[in-house]
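The primary structure of each chain is shown beneath.
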Amino acid sequence: WFINMDLGRELYHSSDKKFSFGGFIGYQHWQEQLVARTPFNESVLSGKDRTALDNALFSPNQNGITWDYSYDSLKLGIDAGYRFTDRFQIAGNIVYIPYTGFSNTDTHHQRTDLKNPSVKSDGSGSGYNFDINAKYLIVENLSFNVGFRYWYLSLTDASTTLFGSNGTNSSNTR
């Protein structure tokens, strides 16, 4: 799931009120949980060696790995729109994300050599997103919207810790 909260202002509109643009600042939270439930072989690139981590084949009714991750981002953006008729308009926005914080927890359910959670990752970075949408007003206060949104977030500072079942931890920072 995700949530966007923006605070902005219209900076310009044409005399016929068909075209407008504005600016905004905001906050974005994106959180997901992914669960692998089929037989798989996960590998991690470690230096120049590629090491298989999860070789266990298991029933599709068993969980293999659960990934819980989230991003919390600050946003700066511009938006614009054009109203073709009283019922139809196209709008879009471009957003720069100067800061995003990332958090991830992996649980390797079939691994006996790891604790649960098995892996913890944290980091920060930046990114951008943009979207465009078309809106058709069916009746007052009821419209049909269709659009496209693209998100890009990149971590420039991150750390990962692997938790062994014997109490040992292995960390990696970049």
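The structure contained in this document is the topic of the report that follows.

What counts, and where the lines are drawn
- Residues numbered from 1 in each chain as written.
- Predicted model: local features only at pLDDT ≥ 70, side-chain atom pairs only at ≥ 80, totals over all residues.
- Heavy atoms only, no water.
- Helix = DSSP H or I, 4+ residues; strand = E, 2+ residues; numbered from the N terminus.
- Buried < 20%, exposed > 50% of the residue type's maximum accessible area, 1.4 Å probe, protein only.
- Contact = heavy atoms within 4.5 Å.
- Salt bridge = Lys/Arg side-chain N within 4 Å of Asp/Glu carboxyl O.
- Pairing = 2+ DSSP bridges.
- Phe/Tyr/Trp six-rings, centres within 6.5 Å; stacked < 30°, edge-to-face > 60°.
- Axes fitted to C-alpha atoms, helices over the stretch in contact; angles between N-to-C directions.

Regarding the overall build of the protein
Then, number 1: Of the regular secondary structure elements, the protein holds zero helices and nine strands.
Then, number 2: When its helices and strands are written in sequence order, the protein yields β-β-β-β-β-β-β-β-β.
Then, number 3: Taking all 174 residues of the protein together, 29% fall into the buried category.
Then, number 4: Of all intrachain contacts in the protein linking residues separated by at least 6 positions in sequence, the fraction that spans at least 24 positions is 60%.

Some remarks on the pattern of salt bridges
Oppositely charged side chains may form a pair once their charged atoms are brought near each other.
Then, number 1: Evaluation of the coordinates by the stated rule reveals four salt bridges.
Then, number 2: Note that Arg111 and Asp113 form a salt bridge whose closest N and O atoms lie 2.6 Å from each other.
Then, number 3: We classify Asp113 as partly exposed; its relative accessible area is 41%.
Then, number 4: The salt bridge partner of Lys120 is Asp122, with a shortest N-O separation of 3.5 Å.

Remarks on the pairing of strand 1 (residues 2-13)
Then, number 1: Of the pairings in the sheet, the one linking strand 1 to strand 2 (residues 19-36) comprises 11 bridges and is antiparallel in character. In the sheet register, Gly8 faces strand 2, and the bridge partner there is Phe24.

Quick word on the packing of aromatic side chains
Then, number 1: Going through the model one piece at a time under the given rule, you end up with 15 aromatic pairs.
Then, number 2: Aromatic side chains Tyr12 and Phe21 sit 5.9 Å apart centroid to centroid with 35 degrees between the ring planes, which places their arrangement in the tilted category.
Then, number 3: With a relative accessible area of 36%, Phe21 lands in the partly exposed category.

A short note on unusual backbone geometry
Then, number 1: A cis amide bond links Asn116 with the next residue in sequence, Pro117, at an omega value of 5 degrees.
Then, number 2: Here Pro117 lies in strand 7 (residues 114-139).
Then, number 3: We note that Lys17 has phi near 60 degrees; this positive angle belongs to a residue other than glycine.
Then, number 4: Examined against the element boundaries, Lys17 turns out to sit in the loop between strand 1 and strand 2.
Then, number 5: Under the relative-accessibility criterion, Lys17 is labelled exposed at 56%.
Then, number 6: The phi torsion at Asn141 lies on the positive side, around 70 degrees, for a residue other than glycine.

Observations regarding the sheet that holds strand 7
Then, number 1: Taking strand neighbours across the sheet as the criterion, the seven strands line up as 1-2-5-6-7-8-9 in an open arrangement whose pairing is antiparallel. Edge positions in the sheet fall to strand 1 and strand 9 (169-173), since each has one partner strand and no second. Going from strand to strand, the sheet's axes swing by 20 degrees on average, the running direction of each strand aside.
Then, number 2: Pairing geometry for strand 5 (residues 65-83) and strand 6 (residues 88-108), over 18 bridges, is antiparallel. Note on strand 6: the bridge partner recorded for Thr66 is Thr107.

Purely spatial values, then, with no claim about function.
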